[in-house]
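# Architecture at a glance
What follows is each chain in one-letter form.
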Amino acid sequence: MNLSNIRINGSNPLYKQIKNSLLSAIKCRDILPGEKTPSLEELCQRYGVSRMTARQAVKFFYLPFDRFPGLDQFDWNNVSLYTTLCKTYNVKLSQGKQFVESGCASDNIASLLEVQPKTPVLIMERLIESDKGWHVEYAHTYYRADCIRLLI
């Protein structure tokens, strides 16, 4: 499994760097659907970090494949995730958190947003939980700073 290195003296906290490395491995299909991500012990050894740092890096998960069989078969252009979770999988949403921060576009993000690298972007991170306390949705989204307006 190809996980990128982290920078101990980088401006990003270690747990965020590890989390981004794992998300990148998922997007690049180094970690395939149904495969396990590295254990906390493996992350601690790989990156030379404490168990607490490793735990913080993995505390946000995408929808667990085994908990939602067939979820990949829905046409997400025509159905709502939350409605599907409620009606098909009997999931009751309880609470959510959304974090908003500013940042600079990496080369990869800049390419996707059609801006120059290091252009200011707005970053949103969302976590939705069920009434049972497990994570239902995790989203990490980038927005062009020149094309967004928020209503809070």
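Figured I'd write up the structure that's included with this text. Predicted model only: the values in this text are computed from it and were never measured.

## What to know about the packing of aromatic side chains
Aromatic rings considered in pairs are described by the distance between their centres and by the relative angle of their planes. Within this structure, the stated rule accounts for one aromatic pair. Geometrically, the ring pair formed by Phe68 and Tyr89 is edge-to-face, given 5.2 Å between the ring centres and 85° between the ring planes. Separated by 21 residues along the polypeptide, Phe68 in the loop between helix H3 (51–58) and helix H4 (81–89) and Tyr89 in helix H4 bring together distant segments of the chain. For Tyr89, a relative accessible area of 19% puts it in the buried group. Here the guanidinium or amino end of Arg46 rests over the ring plane of Tyr47, the centre of that ring lying 5.3 Å away.

## Observations regarding the sheet that holds strand S2 (residues 120–130)
The antiparallel open sheet is built from three strands, whose spatial order is S1-S2-S3. Edge positions in the open sheet fall to strand S1 (93–104) and strand S3 (135–144), since each of these has one partner strand only. Taking the axes of each pair of neighbouring strands and ignoring which way they run, one obtains an average angle of 15° across the sheet. Examined bridge by bridge, S1 and S2 share 11 bridges and lie antiparallel to one another.

Each value, and the rule that gives it
Residues numbered from 1 in each chain as written. Predicted model: local features only at pLDDT ≥ 70, side-chain atom pairs only at ≥ 80, totals over all residues. Heavy atoms only, no water. Phe/Tyr/Trp six-rings, centres within 6.5 Å; stacked < 30°, edge-to-face > 60°. Helix = DSSP H or I, 4+ residues; strand = E, 2+ residues; numbered from the N terminus. Buried < 20%, exposed > 50% of the residue type's maximum accessible area, 1.4 Å probe, protein only. Lys NZ or Arg CZ within 6 Å of the ring centre and 35° of its normal. Pairing = 2+ DSSP bridges. Axes fitted to C-alpha atoms, helices over the stretch in contact; angles between N-to-C directions.

Note that all results are geometric; they support no functional claim without further evidence.
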